[in-house]
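Coordinate analysis (summary)
So the chains spell out like this:
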Amino acid sequence: MAPRQLSPLVLALGGAAAVLGSVLFILWKTYFGRGRERRWDGGEAWWGAEPARLPEWDEWDPEDEENEEPALEELEQREVLVLGLDGSGKSTFLRVLAGKPPLEGHIPTWGFNSVRLPTKDFEVDLLEIGGSQNLRFYWKEFVNEVDVLVFMVDSADRLRLPWARQELHKLLDKDPDLPVVVVANKQVRAVGGWLRPVGLDPQVPGRGQGAQ
Ligand SMILES: Nc1nc2c(ncn2[C@@H]2O[C@H](COP(=O)(O)OP(=O)(O)OP(=O)(O)O)[C@@H](O)[C@H]2O)c(=O)[nH]1
Ligand SMILES: [Mg+2]
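Keep in mind it's a predicted model, so treat the numbers as computed, not measured. (Residues numbered from 1 in each chain as written. Chains lettered and ligands numbered in written order. Predicted model: local features only at pLDDT ≥ 70, side-chain atom pairs only at ≥ 80, totals over all residues. Heavy atoms only, no water.)

Within the protein chain, the secondary structure is distributed over four helices and six strands. Each helix and strand of the protein chain, placed in order from N terminus to C terminus, yields the pattern α-β-α-β-β-α-β-α-β-β. Looking at the protein chain residue by residue over its 212 residues, the buried ones come to 34%. Taking all contacts inside the protein chain whose residues are at least 6 apart in sequence as the whole, residues at least 24 apart take part in 75%. (Helix = DSSP H or I, 4+ residues; strand = E, 2+ residues; numbered from the N terminus. Buried < 20%, exposed > 50% of the residue type's maximum accessible area, 1.4 Å probe, protein only. Contact = heavy atoms within 4.5 Å.)

Neighbouring ligand 1 are 20 residues; Lys90, Thr92, His106, Thr109 and Gly131 lie closest to it. Here an oxygen atom of ligand 1 and a backbone polar atom of glycine 105 are 3.3 Å apart. A distance of 2.8 Å is found between an oxygen atom of ligand 1 and a backbone nitrogen or oxygen belonging to threonine 109. If ligand 1 stood free it would expose 650 Å²; the protein chains cover 81% of that surface. For the shell around ligand 1, the element with the most residues is helix H2 (residues 90–97), which contributes three residues. Its residues assigned to classes, the shell around ligand 1 shows three nonpolar, 12 polar and five charged. (Near = heavy atom within 4 Å. Polar contact = N/O pair within 3.5 Å; in protein donor to acceptor, adjacent residues only side chain to side chain. Areas by Shrake-Rupley, 256 points an atom, 1.4 Å probe, with all protein chains shown as cover. Nonpolar A, V, L, I, M, F, W, Y, C, P; charged D, E, K, R; others polar.)

Our focus in this paragraph is helix H4 (residues 161–174). Here H4 contains 14 residues, and its C-alpha end-to-end distance of 20 Å stays within 8% of the 20 Å for a straight helix at 1.5 Å per residue. Restricting attention to buried positions, one finds in H4 the residues Leu161, Ala164, Glu167, Leu168, Leu171 and Leu172. Buried positions in H4, seen along its axis, are confined to an arc of 140° and lie on one side of it. (Expected span 1.5 Å × (residues − 1). Arc of directions from axis to C-beta.)

The UniProt feature table records "binding site: GTP" (unreviewed entry) at Gly84, Leu85, Asp86, Gly87, Ser88, Gly89, Lys90, Ser91 and Gly131. In summary, the annotated positions, though distributed over 48 residues, converge in three dimensions, the widest C-alpha pair being only 11.5 Å. Lining the largest cavity, from this annotated set, are Leu85, Asp86, Gly87 and Ser88. Inspection of the secondary structure puts leucine 85 in the loop between strand E1 (76–83) and H2. By relative accessible area, which is 5% here, leucine 85 ends up buried. Among all residues touching leucine 85, those that are not within four sequence positions of it are Lys90, Gly131, Arg136, Trp139, Met152, Arg160, Trp163, Ala164 and Glu167. In this structure glycine 87 comes out as partly exposed when scored by relative accessible area, which is 24%. Those residues within four positions of glycine 87 in sequence are excluded, and the remaining contacts are His106, Asp154 and Lys186. (UniProt positions renumbered as here; feature names shortened; annotations may be inferred. 1 Å grid on protein atoms, 1.4 Å probe; cavity = no way out; pocket = protein on both sides within 12 Å on 5 of 7 lines; lining within 4 Å.)

Let us look at the pairing of strand E3 (residues 122–129). A large share of E3 lies buried, amounting to eight of its eight residues. Sheet analysis places E1 next to E3, joined by seven bridges and oriented parallel. Opposite valine 80, over in E3, you have leucine 126 as the bridge partner. Examined bridge by bridge, strand E2 (residues 112–118) and E3 share seven bridges and lie antiparallel to one another. Among the inter-strand pairings, proline 118 is bridged to a residue of E3, identified as glutamate 123. Connecting E2 to the next strand, E3, in antiparallel fashion are three residues. (Pairing = 2+ DSSP bridges.)

If you want it as structure tokens, here you go:
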């Protein structure tokens with residue numbers, strides 16, 4: 001029997017997904033540079049660093065400029081990849097970190113979304129890649145480029161916890177040394193525990209697990 005022909009719609013969707021992936025990859029490379037060396041040091045918890053504070057207008061004195069801290073462009077950068085299934089709360093997390101109110105309803109991220117947070121010593125770039133199924137394929141391309149992975153889990157979405165677990169473990173297989181923070185989101189709506197369903201032991205040192 002002759003093999004079935006792929007419909008033009010399937011071909012077009014496949015082509016669009018491939019183009020989107022390539023664009024994502026090029027943008028990422030342009031944005032963060034190629035082959036970053038991970039600068040993780042367990043004793044150096046840079047995310048606890050004091051946020052940069054801009055001076056109040058009446059505090060500003062031009063004579064202080066010589067003693068000023070390095071300009072933002074001179075600061076070292078840290079890259080944080082924020083992944084998780086669609087609807088787990090990645091965009092909301094980034095918005096809240098950037099001091100913006102959460103959006104009403106779920107507006108899927110069809111590519112990526114980023115926030116830059118200055119701290120006293122570093123600039124931290126957080127990059128979300130959308131969690132819909134056709135974008136998950138590209139996640140693994142980025143894990144070796146970042147300093148930390150934040151993996152967002154919707155604690156209330158119990159039916160999809162095994163999928164979340166599977167996706168997380170695929171990423172960890174790709175880079176076993178990657179520092180990971182698992183955020184158990186939407187806990188108010190969840191019933192029961194969450195860490196074990198995603199396959200991580202809360203007692204294992206070296207894998208930070210955050211909970212919201
Ligand atoms: N109750 C509750 N709802 C949340 C929380 N965080 C996000 N949401 C809601 O969950 C829905 C999805 O949130 P998003 O931040 O868009 O999810 P996402 O992970 O970025 O989804 P994709 O971009 O599709 O991968 C939205 O309706 C949010 O308002 C939370 O902590 N608690
Ligand atoms: Mg999103």
